[in-house]
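So the chains spell out like this:
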Amino acid sequence: MESKNSIPFNPLAGIRVLDFSKVLAGPLCTQYLADMGADVIKIEPLGGDDTRKWPPFEGRDGTVFVAVNRNKRSLAVDLKAPDGLAICRRLAAAADVVIESYGPGVAARLGIGDAQLRELNPRMIYCSISGYGTRGPMKDHKGFDLIAQSFTGMLSITGEPDGPPVRSPFSPIDQGTGMNAVIGILCALMQRAQTGQGTKLEASLFDTAVGFLGYFLQSFWQRGIEPLRAGSGHESLCPYQAFETKDKPLILGVANDSLWISFCDVAGVTALAIDPRFATAASRVQNRSETVATVAQILHDRTRDEWLSVLEARGIPCAPVHTLGELNQHPHTVASDMILAYRDRDGRDKKAVATPLRINGKRPTLRAAPPDLGEHSLAILRELGYPDETVAAWLKQGIIADGNSRGE
C-alpha cells in the first residue's frame, strides 16, 4: 500500500523487530522503526492490544491503536501456552530488536526476559519500557502517563494560576518515552554494527518526564521556590500567552524587548514601550498582572484576523488558537504532507499523521494499514517453517489466532 504523498525510505530494511509492547509508548517507537523500513512483528495476546478496544473507533479498532500501528504485522498468540512461548522464542532467536512494556517482572515470568532471550541471541537489542525504571523504591510500580505527570510534579505546573492541576491531554510522557526508545535503539544498532555486541536498553516514563522538566528543575534549584501555574503563559516572559480579541483568541509571544517596542508601535501605544513598568522583560514579568491586563484591553479592540495581519507584518510572534479542524484544513498542513492520505485494505480512503521527519525532502512511506488482530499469524508461522497441520492444530486449540478468528 503506497501513500499518495511519499516515496520509499527504508534505511532499516532487513532489521526485524519483535514488538511485545502495547498501548502507546512502545507501539509509537516501533511505528517509527517500521516507517524507516524495519520488519515489525507485533506480538499480541489473543484479545489484542488494549487500545483496540478504546473508543472512539475506526472500524473495529480504537483510533489510538490506528494512530500508532501502521506498517506492522500482527501475530496473535497465547504466550502462557508452551507452544506459544516456543513460537516467540524462535522469532527472538533471529530478531535484531525486541521491545516490551510489560509490568515489572512480567516478561521474565513469561520466559521472554532479556537474560532468557539473550541466551538465544547475544546480538539482540532488548528494550524495556516501564513506568519507573529498574532502580529505586518505585521500580515495581506500573506506568501510566497521567500518573507520571502527577508523580513528577508536571501537574503542579499545568493549569491556570488559581485553578486545579490540568492533564496534558496528548500523553506527552508516553509519546516522549517512545521517541527516547527510538533514539536508544538506533544508537544500539550503530554500536552493534561496530562491535557485534547486543545491548540492553531501558526507557521509562519517569525518566522521560524528569527530562522534560529540565529547565523547570534548573530554575527550582537556583531559586529554591516552586514555580507557579501560568496557564498558557511563560514564567520568564510576558506578554506570552493566550488573549481574547474582539471575536476569537490568539497567542501573542513577546519574547524580548525589541518585540515589545514593535508591539507597542503596532498597537498605537508607544508610551508603554518606555514606561518603566513594562520597558524590560524583567519589569514586565515583575508586573505580570498589570502587563497582561493592559495587553488584554488593547487586543480586545480588533478581531483576531486583524491583529494577526498587523502582528505578522511586523514579525511579532503570534498564532490563532486553532481547533484540530482548522489545523487539518490549513494550507500549511496540506503543503507539509504531515497528513498522509491512503487507502486501507478494503479500499476506503483514510488519513494518518506522518513521521515528523523529511528525508531528502520526502516523508517516510506508509506501506500498510494498521493490521487486523492476527492478520499475519499464518504467514509468519509459515516463514518459521511450521507445518500447516501444526498451525491448524494451534488455531483449533486457541494457542494462536488469525485475522478470521476475530468476532465482529
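Each remark here, short or long, concerns the structure printed above.
Residues numbered from 1 in each chain as written. Predicted model: local features only at pLDDT ≥ 70, side-chain atom pairs only at ≥ 80, totals over all residues. Heavy atoms only, no water.

Let us look at empty space enclosed by the protein. The tally for this structure, following the rule as stated, stands at one cavity of 30 Å³ or more. Around the largest cavity sit Gln31, Val66, Ala67, Arg70, Tyr342, Ala352, Leu366 and Pro370, which together line it. (1 Å grid on protein atoms, 1.4 Å probe; cavity = no way out; pocket = protein on both sides within 12 Å on 5 of 7 lines; lining within 4 Å. Points joined across faces, edges and corners; volume = space filled by probe spheres on them.)

Those residues of helix H14 (residues 304-313) that sit buried are Arg304, Trp307, Leu308 and Leu311. For H14, the angular spread of the buried residues around the axis is 100°, confining them to a single face. A positive backbone phi angle near 75° is found at Gly315, which sits one or two residues after H14. (Buried < 20%, exposed > 50% of the residue type's maximum accessible area, 1.4 Å probe, protein only. Helix = DSSP H or I, 4+ residues; strand = E, 2+ residues; numbered from the N terminus. Arc of directions from axis to C-beta.)

Here we take up the nonpolar core. The biggest cluster of nonpolar side chains holds 34 residues, and the ones touching the most others in it are Val17, Leu33, Ile129 and Ile185. Of all the elements in the fold, those that place two or more residues in this core are helix H1 (25-35), strand E6 (97-100), strand E7 (125-130), helix H7 (172-195), strand E8 (199-204) and helix H8 (205-212). Apart from the residues within four sequence positions on either side, Val17 is in contact with Thr30, Leu33, Ala38, Asp39, Val40, Ile41, Val97 and Ile99. Listed in part, the 29 residues of the second largest apolar core include Leu75, Leu79, Leu91 and Val98. (Core = buried A, V, L, I, M, F, W, Y, C linked by side-chain atoms within 4.5 Å. Contact = heavy atoms within 4.5 Å.)

Taken together, the three strands give an open sheet; going across it, the order is E9-E10-E11, and neighbouring strands pair in antiparallel fashion. Of all the strands in the sheet, the pair left with one neighbour each is strand E9 (240-244) and strand E11 (318-320). Within this sheet the neighbouring strands show an average axis-to-axis angle of 20°, counted without direction. Here E9 pairs with strand E10 (residues 249-253) via five bridges, running antiparallel. (Pairing = 2+ DSSP bridges. Axes fitted to C-alpha atoms, helices over the stretch in contact; angles between N-to-C directions.)

By themselves these figures say nothing about function.
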